[in-house]
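Residue-level structural notes
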Amino acid sequence: MLKISLIVFFLILLFSISLLYGLSRRWKRLASQDSRVLLTGGGTGGHVNPALAMAEGIRNREPETKFLYVGVKGKAESVIVRRAGYPLRFVLSQGFPGLRLSPSTLLFLIKVSVGIFQSMILLLWFAPRWVVATGGYVSAPVILAALLLKSLRIGHTRIYLHEQNSIPGQLNALLGRWVDRVLLTFSQTLSFFPKNGVLVGYPIRGSITQKPREEAQKNLPFRVPADRKVVFAFGGSQGARTINRAIVDALRFLIPHRHKVFIIHGTGLNKSFEYDASKDTERRLQKAYSPEELELIADFYVRQDYFHNIGDVYSLSDLMVCRSGAGSLNEISRLRKPAILIPKANLPGDHQVMNARAMKHAGAAEILYEDTIVEDGVVLEKLEGRFLADRIMRLLQDTDRLDEMARCSGTFLRRQAVERILSEMYEDKAYNNGSGYQALPFKPLLTNGQLLAFLSQSQARNPSHYNPGNLLDDPDDLIYYRHRAAGLLSHNAWQDRNLGVKLIGLTLYSEKIPTLLHMLADRTPVSRFKEFLGGDFEQVGFIRRNVLQALRILNRFDGEVEKHLFMALEDPYFEVRSQACVTASHFGFFLSGQEWWFHALEQRLQDPCFEVVIEAALAIGELGTDSSALEILLRMRESRYWQVRNAALKGIQRLLQRKIIVPSRELLTETGTFVLTSTDFRPHFAIKETYKNLQKYCLEQLLGERPADEARLLVERAVRKHSS
């Protein structure tokens, strides 16, 4: 039996070795006979178009080259690659859900594992000379499969990875160290890939060239009057809800300028469950405008989901309104177009923001950030249409400024990217791609977690003189950090919203107080499953608690703040009620003397959570205006919790300091009846220290001119007597 097993084992081993050897020889033979290139990358046009640009360059050099494009079904490559005429295959893949373990993590691992197996089959069948990846999560299984086959000495291919952004994504940062070359767009990114990174620029399709206006107009299904300034607004291949809605809203304010301006709007291909770009834009137009207004708008506005001949639209345009993905910026730069950039916040590495800032500092663009507002009871990201329309018209009417931005745009990024990439692939040294650039250390923006830690520590050290603007090197940083924090408020994950609330306070973004108050009062119920796990509302208790803490840091008070603060005293979560009492103390200057506030705090002394009772007692000391506050606090002398008795003594001391009550021997006698013992084993009893300070304050006031030492002795004698 053992002999048979050994024979079977060696036969299987021999078959496996023969199969691997045969596959290896076949790959080597096919790769040497034909020029075969496997392209991968997708999800958005910013990943697909560079791959197609490189394919164009390779085909111009070797017309008989065979191509295969590998993507994910239902994404931008499904439309763009098919239209370009390249063979297309699909594999399974999914975006990385993050390090936090969840059902999405398991689904990610399953899909990528299946995608790797599918990619291995495609690679073995196609046998490419080169694998060219341009990012997007579809690249992961293809690159991993190619690396695995190379390590087994089956795959005879070179792997090239193009990084479009100034900060590499998680996938590219991880896999970039193993590929043959990382092709970079920005010089700053060289520091991430010191061994195999090379600066080549961003490959742009040959169709993206500046044409005479008349020639470009012939290829478009609409006419643009010759005397109009043209604005091209788009959000990438999939579209951007913020830009789409802002453009629709801006039309109202552009109607008076309709004889001077023409808007071309690319809404995007996105047709997901959450957002259908074309339908949402149409609904917003029909809802916002009357038939008469729509007739006026039709004279200066056209829209289309995607422009395959985008070079013609670029050629017509005088100003761009778009996201700041690397693809858009490089196309804009190539055609020397000025831009209003609206970067997407809270992306990995803030790469769109970093891209936009680089172009702004070059003098080629202006930046508008998305804001977070409450619309129809929902917190969402938005750019005000009036604001966008004003910026568009201001630039269009400033011809000198527009011309200067166009000039700066033309010198923004590295030219001849396709030729430089081909030089690397063919290793002909036609370009010295490393010339003039060094891998300088790149200083990215702080992550949200880093920003929270930095600002929290600074605020805790000096709360009365805290100013985040003095802590940051660049004023633009604070502007962006505020908008990025506000962007978190619209996220689905409560942890993100909670982080956003904290950062709103620490960046002193007081304009977001209405949004914070909405979240504090929001009573949208959770699903039954979340309710079973202990949840109450979508804006969970931690969020509502931290809203109150943020309001104290922001230190702005008005009728709306007071109304929501009063409601928070009845919140179902005890930490919210506790923080409402703390916040009432903080705004005591405004609230003292208001009878309803005093009675509300008095009711909180009956709260089932002693943490709330403690803060209510301290707040009564801050808001009380007569001896009734003293009477209430004296009733707490025998509370079972020493922390509550301690808070009552502190409240009485605060009444003394505010001169609401005056020191007297009767007060000394009354406070002397407080129980100073504690059930906790502590080397130092805080309640005794509080009592000692209160007695000392009273005695010093009563003794007047008598020496301080004598007052101290009398206090210590009183404390000893009370303790005994």
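Just so you know, the residues in each chain are numbered from 1, in the order the chain's sequence is written. Owing to the predicted nature of the model, reporting of local features is limited to residues with pLDDT of at least 70; listing and counting of side-chain atom pairs is limited to 80 or more, with chain, interface and lining totals taken over all residues. No hydrogens and no water enter the side-chain calculation; it runs on all heavy atoms of the structure.

Next up on the list: the overall build of the chain. Strands here are runs of E lasting at least two residues and helices are runs of H or I lasting at least four, both read from the DSSP assignment and numbered beginning at the N terminus. Within the chain, the secondary structure is distributed over 32 helices and 15 strands. Within the chain, the fraction of its 724 residues that count as buried is 52%. Accessible surface for the chain amounts to roughly 34600 Å². Of this, 55% is attributable to carbon and sulfur atoms. When accessible area is computed with a 1.4 Å probe and restricted to protein chains, residues below 20% of their type maximum are described as buried, those above 50% as exposed, and intermediate ones as partly exposed. Under the convention used here, a 1.4 Å probe and the Shrake-Rupley method define accessible areas, while residue burial counts only the protein chains that appear.

Bringing the packing of helix α29 (residues 642–657) against helix α31 (residues 686–703) into the picture now. Helix axes are fitted to C-alpha atoms over the stretch in contact, other axes to C-alpha atoms as well, and angles between N-to-C directions run from 0 to 180 degrees. Axis separation between α29 and α31 bottoms out at 9 Å; the angle between their running directions is 20°. Relative to α31, the element α29 is oriented roughly parallel. Between α29 and α31 lies a crossing of left-handed hand. Together, W642, R645, N646, L649, K650, I652, Q653, L656 and Q657 of α29 and A686, I687, T690, Y691, N693, L694, Y697 and C698 of α31 make up the contact between the two elements. Here the contact of α29 with α31 is built from residues that sort into 10 nonpolar, five polar and two charged. Reported orientations rely on four angle classes, namely roughly parallel under 35 degrees, roughly antiparallel over 145, roughly perpendicular from 65 to 115, and oblique for the rest. The sense of a crossing depends on the near helix, which, turned anticlockwise from the far helix by less than a right angle, makes the crossing left-handed and, turned clockwise, makes it right-handed. Contact criterion: two residues are considered in contact whenever any of their non-hydrogen atoms come within 4.5 Å of each other. Throughout this entry, Asp, Glu, Lys and Arg are counted as charged residues, while Ala, Val, Leu, Ile, Met, Phe, Trp, Tyr, Cys and Pro are counted as nonpolar. The remaining residues, Gly among them, count as polar.

Take the sheet that holds strand β8 (residues 229–234) next. Strands in a sheet are paired, the pairing made by backbone hydrogen bonds, and the direction either parallel or antiparallel. Two strands qualify as a pair provided DSSP detects at least 2 bridges between them. Taken in spatial order, the six strands of this open sheet run β10-β9-β8-β11-β12-β13, and their pairing is parallel. Looking at strand neighbours, the two that pair on one side only are β10 (301–304) and β13 (365–367), the edges of this open sheet. Averaged over all pairs of adjacent strands, the angle between their axes in this sheet comes to 20°, without regard to strand direction. Where strand β12 (residues 339–341) meets β13, three bridges bridge the pair, whose relative direction is parallel. Bridge pairing in β13 links L341 to I367. The strands touched by helix α9 (residues 277–288) are β9 (261–266) and β10; relative to β10, the strand with the most contacts, the crossing angle is about 150°.

Any two rings among Phe, Tyr and Trp, with Trp reduced to its six-membered ring, count as a pair given centres within 6.5 Å; such a pair is stacked if its planes are under 30 degrees apart, edge-to-face if over 60, and tilted if neither. Going through the model one piece at a time under the given rule, you end up with 20 aromatic pairs. Only when the NZ atom of a Lys or the CZ atom of an Arg is both within 6 Å of the ring centre and within 35 degrees of the ring normal do we say a charge sits over the ring. A cation over an aromatic ring shows up here: R36 above the ring of F126, its NZ or CZ 5.5 Å from the ring centre. Of note, R61 hangs over the ring of Y426, and the distance from its end group to the ring centre comes to 4.2 Å.

A sheet is described by the order of its strands in space; here seven strands give the open sequence β3-β2-β1-β4-β5-β6-β7, paired in parallel fashion. Either end of the sheet is taken by a strand with one partner, and the two such strands are β3 (88–90) and β7 (197–199). Direction aside, the axes of adjacent strands within the sheet are offset by 25° on average. Across four bridges, strand β5 (residues 158–163) lies against strand β6 (residues 181–184) in parallel orientation. For Y160, the partnering residue across the bridge sits in β6 and is R181. Sitting on the sheet, helix α2 (residues 45–61) is in contact with β1 (36–40), β2 (66–71), β4 (130–133) and β5, with an inclination near 175° to β2. Contacting β2 and β3, helix α3 (residues 76–84) runs over the sheet at an angle of about 160° to β3.

Below, the discussion takes up the side chain of S324. Assignment of secondary structure puts S324 in the loop between β11 (319–322) and α12 (326–334). Definition of a polar contact: a pair of N or O atoms within 3.5 Å, with one able to donate and the other able to accept a hydrogen when the atoms are protein atoms, and with sequence-neighbouring residues admitted only if both atoms are side-chain atoms. At 2.6 Å, the side chain of S324 and the backbone oxygen of Q352 are in polar contact. Every residue in contact with S324, bar those within four places of it in the chain, is listed here: L329, L341, P343, Q352, V353, N355 and A356.

Two kinds of site are reported from a 1 Å grid over the protein atoms alone, namely cavities, where a 1.4 Å probe fits but cannot get out, and pockets, open sets with protein on both sides within 12 Å along at least five of seven lines, and residues are called lining when an atom falls within 4 Å of a point. Grid points are joined across faces, edges and corners, and a volume is the space filled by probe spheres set on the points. Under the criterion given, the structure shown has one cavity of 30 Å³ or more. Taken as a whole, the largest cavity spans an internal volume of roughly 30 Å³. If you trace the largest cavity, you find it lined by R241, T242, R245, R284, L380, E381, K382 and L383. For the lining of the largest cavity, the secondary structure elements donating two or more residues are α8 (241–254) and β15 (378–382). Here the residues of the lining of the largest cavity are counted per class, giving two nonpolar, one polar and five charged.

Below, the discussion takes up the pairing of β11. Residues L319 and V321 line one face of β11 and the alternating positions M320 and C322 line the opposite face, and both faces are buried. Where β8 lies against β11, three bridges are found, and the strand directions are parallel. In the strand pairing of β11, F232 is matched with M320. In terms of strand pairing, β11 meets β12 through three bridges, oriented parallel. Across the sheet, M320 pairs through a bridge with A339, a residue of β12. In this fold, the crossover linking β11 to β12 by way of α12 has right-handed handedness. The path from the first strand over the helix to the second decides the hand: if it runs clockwise while the strands point away from the viewer, the crossover is right-handed.

Whenever Lys or Arg places a side-chain nitrogen within 4 Å of a carboxyl oxygen from Asp or Glu, that contact is recorded as a salt bridge. On inspection of all chains with the given rule, the structure shows 32 salt bridges. Residue R303 pairs with E282 through a salt bridge whose shortest N-O separation is 2.0 Å. With R303 in strand β10 and E282 in helix α9, the pair connects residues that are 21 residues apart, well separated along the chain. The exposure class of R303 is partly exposed, given its relative accessible area of 35%. Taking the relative accessible area as the measure of exposure, E282 reaches 28% and is therefore partly exposed. With its nearest N and O atoms 3.1 Å apart, the salt bridge here joins R604 to D607. By relative accessible area, R604 is classed as buried at 11%.

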